[in-house]
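# Residue-level structural notes
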Amino acid sequence: MKILLVYPENPETFWDFRYALKFVSRKASSPPLGLLTVSSILPENWEKKLCDMTVSKLTDKDIAWADFVFISAMSVQSESAKEVIARCKSLGVKTVAGGPLFTSTHEEYDEVDHLVLGEAEITLPLFIKDIENGCPKKIYLSDEKADLSTTPVPSWNLIKRKSKYNSMAIQYTRGCPFNCEFCDVTKLFGHKLRSKTAGQVVRELESIYASGWRGGVFFVDDNFIGNKKVLKNKILPAITQWMIKRKHPFEFNTQASIDLADDEELIRMMVTAGFNTVFVGIETPDENCLTECGKFQNNNRDLLACVKKIQSLGIQVQGGFILGFDSDPPNIFERMSEFIQSSGIVTAMVGLLKAPKGTELHKRLEKENRLLQNWSGNNTDTAMDFVPKMDSDELLNGYNNVIKSLYTPKNFYARVKNLLRNYNPPKNKHFKIKFREMKALVKSVWLIGVVGKGRTHYWRLLLWSMLRCPRSLPIAVTLAIYGFHFRKVYGI
Ligand code: B12
Ligand code: SF4
């Protein structure tokens, strides 16, 4: 059996980092881990090829080669996914679809031959058995969640052009114990935290290492610190030992809840293991809004102090923020900008509240008769998918003002300085400037420092970092490049 695994194209978004990746001659942030995992579950004797359309073109020849085209996608990729399905149809090749887009909106994909939904560890073996018996069904659905301790190592051998990616990826846990009203992670993966063992994590690190990769590795867990005890006693010591044995080939980033700030020992252990960046869902500085969306882990704490603490111990914080809650007070826009500006969160994804299908928010708004169109899948687009409590124009204007104020060169560079004043980068004896990074620096000098908007701010930042915190100079350049991407995406 010949299987072509296809990851459709992404539109331009905040997180696709396309303009920043050009500086380091990369095309995508990370490979499609879902498809690599699916491939590892397929029978060994089936032939497999991967086409990640972010890094390479999908040709008719590729499609015609396959007995089945397996497609995985997020909602944001729906347009490209539909095109791929139509192309397969016209070439007479059967399609199999799974992953978040199809799991949350499968009723919109009648043209797909086989919808294998939910977690592949559960539904894919049923499909394989039916294929082998010549009676595959249209749809495979299950509420059962996989036991990750039996998930095989993803098929890294399928990635032929690793140099096109900025980082590789590992998933240690699935599921999240929290219950934020707008979030579909818990709908897709449940509340119970399920994890791989330390042995599995080390095997995955080893397999990425053996594939020749050196550089960034993204732990894609929705909340890496979901079980702090196991993390401290087993996982982080295992990662640290492995990193020492292999002479520190990787740098890690991940996602975590804000209570990371409560555990200094855990932060220090993460830094020792090689973590340098964490994405935190902060959402809003307003207590009532936090209560409204059920983000209780963020309530009753000094969020600013939490961010500063994580940064000062050596981990950069990226943040997710939301405007459009029913409880948003009229001054939320100023408060949001002020909070982000003084936090030194340089990569601040501010989105309008969205109500993905299946979420508690979607259910509530449906009852309240406030739903409009379907969500596009992009958290930072400005089309409302429900009727907000605040006047729509006021909300949109306020939102646009927040974005403009955060990403205008003056404020953006001031925020980078805010971070670097407080951030304490780990002394990295293993850090070597690579050719690619030198090229990025040269490109940044030309594109940001000579022809770019806000070039004086760029030079001031570089000079300031050289004098005040020379160890942070590579970070200053990287963040200046991020700024270039954000300004392009937001048209600033
Ligand atoms: C890593 C990640 C990213 C990476 C993408 C890397 C990549 N190349 O895929 C980055 C940071 C770039 C990213 C960006 C975005 N992301 Co994202 N991301 C994730 C995250 C945290 C992990 C994905 C992952 O690797 N999981 C591990 C693998 C093993 O799981 P999986 O892909 O789900 O695959 C399993 C099953 O779904 C299934 N499966 C998957 N595909 C297939 C295919 C077939 C044929 C079959 C049978 C089964 C199957 O089997 C797998 C094993 O069980 C998820 C959350 C999550 N917990 O999954 C969000 C998530 C996928 N992202 C999401 C969103 C919204 C975004 C953004 C739109 C946010 C934004 N505002 O910009 C952007 C899009 C940017 C862009 N244009 O690229 C949503 C998608 C919701 C949806 N319904 O589509 C998720 C679910 C998080 C959330 N709820 O907010 N993301
Ligand atoms: S937003 Fe984050 S913390 Fe909240 S339920 Fe989703 S994954 Fe969990």
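Remember, it's a predicted structure, so these values are computed and weren't measured experimentally. Sequence order as written defines residue numbering, which begins from 1 separately in each chain. Labels are handed out in written order, letters beginning with A for the chains and numbers beginning with 1 for the ligands. This being a predicted model, a pLDDT of at least 70 is required before a residue's local features are given, and a value of 80 or more before pairs of side-chain atoms are given or counted; all residues contribute to the totals for chains, interfaces and linings. Here the side-chain values reflect all heavy atoms present in the structure, with hydrogen atoms and water set aside.

The subject of this paragraph is the pairing of strand S10 (residues 215-219). Put simply, side chains in a regular strand alternate between the two faces of the sheet. With a 1.4 Å probe rolled over the protein chains alone, any residue whose accessible area is under 20% of its type maximum counts as buried; one over 50% counts as exposed, and the rest are partly exposed. In this description a helix means any DSSP run of H or I spanning at least four residues, a strand means any run of E spanning at least two, and both kinds are numbered starting from the N terminus. Burial within S10 is extensive, with 4 of its 5 residues counted as buried. Strand pairing is assigned whenever DSSP detects at least two bridges linking the two strands. The sheet contact formed by strand S7 (residues 167-170) and S10 spans 4 bridges and is parallel. Residue Met168 lies in a different strand from S10, and its bridge partner there is Val217. Orient the strands so they point away from the viewer, and a crossover whose first-strand-to-second-strand path over the helix runs clockwise is right-handed. Read from S10 through helix H9 (residues 228-245) to strand S11 (residues 250-255), the crossover connection turns out right-handed.

This next bit is on the nonpolar core. Counting 131 residues, the largest nonpolar core has Phe70, Leu124, Ile239, Phe250, Leu323, Tyr407 and Leu420 as the members making the most contacts within it. In terms of residue count, the dominant contributor to this core is helix H19 (residues 473-490) (9 residues). Here, residues are in contact when the closest pair of their heavy atoms is within 4.5 Å. Here Phe70 is in contact with Ile3, Leu4, Leu5, Val6, Leu35, Val38, Leu42, Val96, Leu124 and Phe127, once residues within four sequence places are set aside. Within this scheme, the nonpolar core is defined by two criteria: the residues are buried Ala, Val, Leu, Ile, Met, Phe, Trp, Tyr or Cys, and they are joined through side-chain atoms within 4.5 Å. Listed in part, the 23 residues of the second largest apolar core include Leu4, Ala66, Val69 and Leu115.

Here we take up the site of ligand 2. Note on terminology: near, applied to a residue and a molecule or strand, indicates that one of the residue's heavy atoms is within 4 Å of it. Within the structure, ligand 2 sits among Cys176, Phe178, Cys180, Cys183, Val185, Thr186, Asp222, Lys295 and Gln297. The residue classification treats Ala, Val, Leu, Ile, Met, Phe, Trp, Tyr, Cys and Pro as nonpolar and Asp, Glu, Lys and Arg as charged. All others, Gly included, are polar. Looking at side-chain class alone, the shell around ligand 2 contains 5 nonpolar, 2 polar and 2 charged residues.

A few words now on the side chain of Thr173. Mapped onto the fold, Thr173 is located in strand S8 (residues 173-174). What Thr173 contacts, discounting residues up to four positions off in sequence, is Leu148, Leu193, Arg194, Ser195, Asp221 and Asn223.

Moving on, we get to unusual backbone geometry. Non-glycine residue Ser25 carries a positive phi angle of around 55°. Here Ser25 is to be found in the loop between helix H1 (18-21) and helix H2 (33-41). Looking at Ser25, the relative accessible area reads 29%, which means it is partly exposed. The residue Lys247 is not glycine, and still its phi comes out positive at about 60°.

What fixes the domain bounds is an automatic or database domain assignment. When cut into domains, the protein gives domain 1 (2-140), domain 2 (166-407) and domain 3 (435-490). The centre of domain 2, based on its C-alpha atoms, is set 26 Å off from the matching centre of domain 3. Reported buried area values correspond to the accessible surface (1.4 Å probe) lost by two parts on association, with both partners' losses combined. Note on domain 2 versus domain 3: buried area summed over both sides is about 660 Å², and carbon and sulfur give 70% of it. When a carboxyl oxygen of Asp or Glu lies within 4 Å of a side-chain nitrogen of Lys or Arg, that pair is called a salt bridge. For the pair domain 2 and domain 3, the number of links is 0 salt bridges. By the criterion applied in these results, polar contacts are pairs of N or O atoms within 3.5 Å in which, for protein atoms, one can donate a hydrogen and the other can accept it, and in which residues neighboring in sequence qualify only through two side-chain atoms. Inspection of the region where domain 2 meets domain 3 yields 0 residue pairs in polar contact (both at pLDDT 80 or more).

Turning our attention to the site of ligand 1. Around ligand 1, the structure places 46 residues, and the nearest of them are Tyr7, Ser75, Glu121, Asp184 and Asp222. Within the side chain of Asn10, a nitrogen or oxygen atom sits 3.2 Å from an oxygen atom of ligand 1. A distance of 3.1 Å is found between an oxygen atom of ligand 1 and a backbone nitrogen or oxygen belonging to Ala120. Of all the elements in the fold, those that place two or more residues in the shell around ligand 1 are H2, strand S3 (68-72), strand S4 (94-98), helix H5 (100-105), helix H6 (120-132) and helix H7 (185-189). Element by element, the count of residues in the shell around ligand 1 is highest for H2, at 4 residues. Of the residues in the shell around ligand 1, the class split is 23 nonpolar, 17 polar and 6 charged. Composition of the shell around ligand 1 by domain shows at least three residues from each of domain 1 (2-140) and domain 2 (166-407).

A word on the packing of aromatic side chains. By convention, a stacked pair of Phe, Tyr or Trp rings (six-membered ring in the case of Trp) has centres within 6.5 Å and planes under 30 degrees apart, an edge-to-face pair has planes over 60 apart, and any other such pair is tilted. Per the counting criterion, the structure on display carries 30 aromatic pairs. Through successive ring pairs, a cluster of aromatic residues spans Phe14, Trp15, Phe17, Phe279, Tyr407, Phe412, Tyr413, Tyr482, Phe486 and Tyr490. Geometrically, a charge over a ring is one whose NZ (Lys) or CZ (Arg) sits within 6 Å of the ring centre while staying within 35 degrees of the ring normal. The side chain of Lys49 reaches across the aromatic face of Trp65, ending 4.3 Å from its centre.

Under the counting rule described, the total for this entry stands at 29 salt bridges. A salt bridge links Asp130 to Lys137; the shortest N-O distance between them is 3.4 Å.

Quick look at helix H8 (residues 198-210) now. The first and last C-alpha atoms of H8 sit 18 Å apart over 13 residues, in line with the 18 Å expected at 1.5 Å per residue. Inspection of H8 places Gln200, Val201, Glu204, Leu205, Ile208 and Tyr209 among the buried residues, and these make up the whole buried set. Directly beyond the C-terminal end of H8, a positive phi value near 100° is found at Gly212. Helices are assigned an expected span. That span is 1.5 Å times one less than the residue count.

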